[in-house]
Amino acid sequence: MRRLLHVSASPRGTVSFSRTVGEELAGAVTAATPGWTVTRRDLSHTQLPHPGPDFARANALAPDMRGPAEEEALARSEALIAEVEAADVLVISTPMHNYTVPSALKAWIDHVVRPGRTFRSTPTGKQGLLADRPAFAIVSCGGRLGDPPAGQVDFLTPYLRYVLATIGLSSLDILCLEEMNRGPEKVAAARAAARPWSAACVARAAAPPGA
Ligand SMILES: Cc1cc2nc3c(=O)[nH]c(=O)nc-3n(C[C@H](O)[C@H](O)[C@H](O)COP(=O)(O)O)c2cc1C
């Protein structure tokens, strides 16, 4: 049994461009070879809290220093990390909100990227503690990326790469669906570009780990 985890962040439900392409990719990966299960973590349904005082305190304590209150504060984080750990393939689909990830996805990241749990600090920098695996991100933008004024600065994709690499997930392929608010022709062009990208992702997801 292989598992695919689809984390989706759009507030736009089933009409979301990023979620739709993420679902199409999940469908293609799981249809290509038998024996898959898909877990969906829809962050517009699961309203994750921002880190509060209990979480912040618990996060800073070594496991053997935590009491029941701290363990409880980390329970949701542990469940979200377990979903990632159980996944052979990770798909993240997200819109761009104000040049970066939506706050719903940032809250998920804050629960999953934890010192002493998914990364550790060393004299030579942070070291990821999760095994690398194929990871794919679909990012949907209303406008165009690139140098202003024609485009807009992309704080999303470099950040997503960096923060996932922090926990060990370095094998990230990203597709940007651009100009999705600029009419049906732009949408059709972006959707057409998604097809060969998805086909390449299917091949990567089917490859044996480490290939
Ligand atoms: C709060 C908010 C902020 C947004 N900020 C940006 C932005 O900075 N750049 C951009 O290109 N589009 C921005 N958009 C537009 C969305 O990124 C765009 O509509 C995208 O295609 C939505 O993807 P979805 O259909 O997967 O939700 C924003 C939309 C919202 C709701």
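Residues numbered from 1 in each chain as written. Predicted model: local features only at pLDDT ≥ 70, side-chain atom pairs only at ≥ 80, totals over all residues. Heavy atoms only, no water.

S.K.: Give me the lowdown on the pairing of strand β4 (residues 119-122), citing residues and values where you can.
M.R.: As judged from the four bridges shared by β4 and strand β5 (residues 125-128), these two strands associate in the antiparallel manner. The residue of β5 that forms the bridge with Phe119 is Gly128. With antiparallel pairing between neighbouring strands as the criterion, β4 and β5 make up a hairpin whose turn holds two residues. (Pairing = 2+ DSSP bridges. Helix = DSSP H or I, 4+ residues; strand = E, 2+ residues; numbered from the N terminus.)

S.K.: Hey, could you go over the packing of helix α4 (residues 75-86) against helix α5 (residues 103-112) for me, with residue numbers and the actual values?
M.R.: One way to put it is that α4 packs onto α5 with a least axis distance of 8 Å and a crossing angle of 90°. Compared by their axis directions, α4 and α5 come out roughly perpendicular. Residues Arg76, Ser77, Leu80, Ile81 and Val84 of α4 form the contact with α5, whose own contacting residues are Trp108, His111 and Val112. Grouping the amino acids of the contact of α4 with α5 by side-chain chemistry returns five nonpolar, two polar and one charged. (Axes fitted to C-alpha atoms, helices over the stretch in contact; angles between N-to-C directions. Parallel < 35°, antiparallel > 145°, perpendicular 65-115°, else oblique. Contact = heavy atoms within 4.5 Å. Nonpolar A, V, L, I, M, F, W, Y, C, P; charged D, E, K, R; others polar.)

S.K.: Explain the pattern of salt bridges to me, and be specific about the residues and the numbers.
M.R.: Tallied over the entire structure, the rule returns 13 salt bridges. Across the pair Asp54 and Arg57 runs a salt bridge, and its minimum N-O distance is 3.4 Å. Pair noted here: Asp54 and Arg57 are both in helix α2 (residues 53-60), with a separation of three residues, about one helical turn. Where Glu70 meets Arg57, a salt bridge forms, and the shortest distance between an N and an O atom there is 3.0 Å. One end of the pair, Glu70, is in helix α3 (residues 68-73); the other, Arg57, is in helix α2, and 13 residues separate them in sequence. Assessed through its relative accessible area of 12%, Glu70 is described here as buried. Among the ionic contacts, a cluster of salt bridges with common partners joins Glu78, Glu85, Arg114 and Arg117. (Salt bridge = Lys/Arg side-chain N within 4 Å of Asp/Glu carboxyl O. Buried < 20%, exposed > 50% of the residue type's maximum accessible area, 1.4 Å probe, protein only.)

S.K.: Could you give an account of the packing of aromatic side chains, naming the residues involved and the relevant values?
M.R.: Under the definition given, this model contains one aromatic pair. In this arrangement the basic side chain of Arg12 is found over the ring face of Phe17, its NZ or CZ atom lying 5.2 Å from the centre. (Phe/Tyr/Trp six-rings, centres within 6.5 Å; stacked < 30°, edge-to-face > 60°. Lys NZ or Arg CZ within 6 Å of the ring centre and 35° of its normal.)

S.K.: Please provide a residue-by-residue account of the site of the ligand, values included.
M.R.: Lining the immediate environment of the ligand, one finds 17 residues, of which Ser10, Ser16, Ser18, Ser140 and Gln152 sit closest. Measuring from an oxygen atom of the ligand, one finds a backbone N or O atom of Phe17 at 2.8 Å. In the complex, the protein chains occlude 76% of the 640 Å² of accessible area that the ligand would expose alone. For the shell around the ligand, the residue count by class is six nonpolar, ten polar and one charged. (Near = heavy atom within 4 Å. Polar contact = N/O pair within 3.5 Å; in protein donor to acceptor, adjacent residues only side chain to side chain. Areas by Shrake-Rupley, 256 points an atom, 1.4 Å probe, with all protein chains shown as cover.)

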